[in-house]
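# Observations on chain architecture
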Amino acid sequence: VLCVCVGQSALWWLQAVYVLYLRDQIKLSDAQIMYQVAAGSLGLALTVRQWGRYADRFGSIPAIMFSLTAYAIISLGWIALTPGATWTLPLAWILVILGNIFNGAAMMAMNRGMLRRVRDKGRVGYTNIWIACTALATGLTPIVACIFVEWLQLAGYRLCFVLTAITSLL
């Protein structure tokens, strides 16, 4: 449960701030951002079956490790997005799409791992512990991330990108 909480926290350092970053720092329109997010969701929908097969073949832990390592690399790519640079818009598309795919893959593998480990005896108690702990991880991380952005502005975004990479690799 502790490892998954760190993994889910890793996902939320980036998830909490990337739309704000695209809007406030890169100056993309709401429509541009929503098209990117929709493309990321479509990418996840098109690959989810393959992620499930990967996790079934190799196990949840290798699937989590693979997807979080990719997510760490993606998070560092966000630092390269510079307002007005020629590469910013194409790179933003790539990062949003891949970020959504690997985020979904990690979440799927984490939940699969939990379901595989729960025994019949104590199922309700363990599941409640899982839900409460992961809810704290996914709830507190965005609050802290947005505080960093509010206080540190651009440096706060970059701090969240780096924290995504660090916690993903943990």
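Look up a bit, the structure's there.
Residues numbered from 1 in each chain as written. Predicted model: local features only at pLDDT ≥ 70, side-chain atom pairs only at ≥ 80, totals over all residues. Heavy atoms only, no water.

Of regular secondary structure, the protein chain possesses 7 helices and 0 strands. Shown N-terminal to C-terminal, the secondary structure of the protein chain runs as helices and strands in the order α-α-α-α-α-α-α. Against the 2.2 N^0.38 benchmark of 15 Å for 170 residues, the protein chain shows a C-alpha radius of gyration of 16 Å, consistent with a compact globule. Counting only C-alpha atoms, the protein chain reaches 55 × 35 × 25 Å along its principal axes. Going through the 170 residues of the protein chain one by one, you find that 43% of them count as buried. In the protein chain, 79% of the contacts between residues at least 6 apart in sequence involve partners at least 24 apart. For the protein chain, the exposed surface amounts to about 9100 Å²; the carbon and sulfur share of it is 71%. Treating the 12 positive side-chain charges of the protein chain as one cloud and the 5 negative ones as another, the clouds have centres 14 Å apart. (Helix = DSSP H or I, 4+ residues; strand = E, 2+ residues; numbered from the N terminus. Rg over C-alpha atoms; globule rule 2.2 N^0.38 Å. Buried < 20%, exposed > 50% of the residue type's maximum accessible area, 1.4 Å probe, protein only. Contact = heavy atoms within 4.5 Å. Areas by Shrake-Rupley, 256 points an atom, 1.4 Å probe, with all protein chains shown as cover. Lys, Arg positive; Asp, Glu negative; His and termini not counted. Charge placed at Lys NZ, Arg CZ, Asp CG, Glu CD.)

Using the criterion set out here, one finds 4 salt bridges in the structure. Here Arg23 ties to Asp24 by a salt bridge, and the two come within 2.6 Å at their closest N and O atoms. Overall, Arg23 belongs to the partly exposed group, its relative accessible area being 39%. The closest approach of N and O atoms between Arg123 and Asp120, which form a salt bridge, is 2.1 Å. Using a relative accessible area of 64% as the deciding quantity, one classes Asp120 as exposed. Salt bridges sharing common partners tie together Asp56, Arg112 and Arg116. (Salt bridge = Lys/Arg side-chain N within 4 Å of Asp/Glu carboxyl O.)

Relative to the elements of secondary structure, Gln8 occurs in helix 1 (residues 2–15). According to the relative accessible area criterion, Gln8 is buried, its value standing at 4%. When neighbours within four sequence positions are excluded, Gln8 is seen to be in contact with Met107, Met110, Trp130, Thr134 and Thr138.

Turning next to the nonpolar core. Among the nonpolar cores identified, the biggest contains 39 residues, and Val17, Tyr21, Leu22, Trp78, Leu81, Met110 and Phe161 are the most heavily contacted of them. Contributing elements (two or more residues each) for this core: helix 1, helix 2 (18–25), helix 3 (30–58), helix 4 (60–77), helix 5 (88–117), helix 6 (123–152) and helix 7 (154–169). For this core, the element with the highest residue contribution is helix 5, accounting for 10 residues. Residues contacting Leu81, with those up to four places away along its chain left out, are Tyr21, Leu22, Ile26, Thr88, Leu91, Ala92 and Leu95. (Core = buried A, V, L, I, M, F, W, Y, C linked by side-chain atoms within 4.5 Å.)

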